[in-house]
Protein chains: 2
Amino acid sequence: MNFTAKKIAVLLRQRGYKLTPQRRVILDAIADGHDHLTPAAIYEKVKREHSNIGLVTIYRTIGLLTELGLICEVHSGGNCRSYLLRRPSEHHHHLICSDCGTVVDFTSCDLSEVEQKLSDDTGFDINGHLLEFLGRCRSCQTTTP
Amino acid sequence: MNFTAKKIAVLLRQRGYKLTPQRRVILDAIADGHDHLTPAAIYEKVKREHSNIGLVTIYRTIGLLTELGLICEVHSGGNCRSYLLRRPSEHHHHLICSDCGTVVDFTSCDLSEVEQKLSDDTGFDINGHLLEFLGRCRSCQTTTP
DNA sequence: TTGTAAATGAAAATGATTATCATCTAGCAG
DNA sequence: CTGCTAGATGATAATCATTTTCATTTACAA
């Protein structure tokens, strides 16, 4: 278990949740690569090390981690969700390749002005936003013109 | 059928699609309110006037209208999608109340600079984006503090 | 009016997600 | 170290959204 996963383990316990081996492997699986993973993909990855884990546990753990703000959802504009480890304190957004699914994080967007203006105009109490760019990454552009 | 729906009908025919009564009522249902509607909600609304319409037809029509760029998806950060009529030429985003589900459109956000910078940095060919703000609308703030 | 490609509706298939419940276990008290 | 208990797990089934299939129907151009 790497450093990040260890910190998360501490956080779990602080909030009264138990650190089970299942949660550990799921955490590792998500923390491992920089890909975004669907619940099913996490399941496949995790089954290699922990062959009798249930898909249900994946969902429960994802739910828990999302609730704790430790991972974040990617929408990809399509049907189903996938998840990425969120490096704490880095507020970021996603740039997604519609061909190969690569997700690039970026932080260079300050929406606070827009948020303030919207809040003033509409009276909304704004507490979050979702920003994703869609396109084709460099390598997909060259392989299939 | 109102003006907007009529224009859409013309557009459909221009592209070789037929204008069926089912499509007409679905268009009306979406064009009617300013709410975002899930496929199931559209189905319920449409069944009043066209009792034997199938849910499948809703899905097919939604798919078609999305493909033509006439309606747009709202993600609401959660599970399932819903749809809004897109007033042509108004590129806009959504501000969503997490309590009552009200959707407010806004246009006052220019992301072209960010898009250009991202494109330069990453080599992506960017062709779209998704921006949604989440919060609580004024009335939900007063009703449940 | 007629022919035909496109559209429809019913039913079933698929896929993702959630609920249920009996069993098991992490972590704490003793 | 050991036994206790709230919380966690896995198997199964249920639910819900969406898609596929296919025989029948229909819009609309000729």
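Everything below is about the structure shown above.
This section reports on the structure supplied with the text.

Quick notes on the rules
Residues numbered from 1 in each chain as written. Chains lettered and ligands numbered in written order. Predicted model: local features only at pLDDT ≥ 70, side-chain atom pairs only at ≥ 80, totals over all residues. Heavy atoms only, no water. Buried < 20%, exposed > 50% of the residue type's maximum accessible area, 1.4 Å probe, protein only. Helix = DSSP H or I, 4+ residues; strand = E, 2+ residues; numbered from the N terminus. Arc of directions from axis to C-beta. Contact = heavy atoms within 4.5 Å. Near = heavy atom within 4 Å. Polar contact = N/O pair within 3.5 Å; in protein donor to acceptor, adjacent residues only side chain to side chain. Nonpolar A, V, L, I, M, F, W, Y, C, P; charged D, E, K, R; others polar. Buried area = accessible area lost by both parts, 1.4 Å probe. Salt bridge = Lys/Arg side-chain N within 4 Å of Asp/Glu carboxyl O. Pairing = 2+ DSSP bridges.

1. With respect to helix α5 (residues 112–122) of chain A
All buried positions along α5(A) are accounted for by Val114(A), Leu118(A) and Thr122(A). Seen from one end, α5(A) has its buried residues packed into an arc of 45°, which puts them on one side. Opposite the buried face of α5(A), at more than 90 degrees from it, the exposed residues are Glu113(A) and Asp120(A). Tucked inside the fold, the buried residues of α5(A) contact β5 (125–136) of chain A together with β3 (93–97), β4 (103–106), β5 (125–136) and α6 (138–143) of chain B. Of the residues flanking the end of α5(A), it is Gly123(A), one or two places downstream, whose phi is positive at about 80°.

2. A short note on the protein's contact with DNA strand C
Looking at DNA strand C, there are 21 residues lining it, with Tyr59(A), Thr20(B), Gln22(B), Thr57(B) and Arg60(B) nearest. The protein-proximal atoms of DNA strand C, defined as those within 4 Å of the protein, are 67% sugar or phosphate. A distance of 3.4 Å separates a base nitrogen of DNA strand C from a polar atom in the side chain of Lys18(A). Looking at the surface near DNA strand C, the elements that each hand over two or more residues are α4 (55–67) of chain A together with α2 (21–32) and α4 (55–67) of chain B. Among the residues forming the surface near DNA strand C, the class breakdown is nine nonpolar, six polar and six charged.

3. Some remarks on the interface of chain A and chain B
Buried accessible area, meaning the area lost when the parts come together, often serves as the stated size of an interface. With 36 residues of chain A at the contact, the number on the chain B side is 36 residues. In total, chain A and chain B occlude about 3200 Å² of area from one another, counting both sides; carbon and sulfur atoms represent 65% of this. Contact with chain B buries surface across chain A, with Phe124(A), Leu130(A) and Phe133(A) losing the most and accounting together for 20% of the total. Our count for the contact surface shared by chain A and chain B stands at zero salt bridges. Those elements giving two or more residues to the side of chain A that touches chain B turn out to be β3 (93–97), β4 (103–106), α5, β5 and α6 (138–143) of chain A. The dominant element in the side of chain A that touches chain B, judged by the number of residues it contributes, is β5(A), at 12 residues. Split into classes, the residues belonging to the side of chain A that touches chain B amount to 16 nonpolar, 12 polar and eight charged. Two elements, β5(A) and β5(B), share 11 bridges in a ladder whose sense is antiparallel. Residue pairing across strands places Ile126(A) opposite Gly135(B), the latter belonging to β5(B).

Any link to function would need more than the numbers given here.
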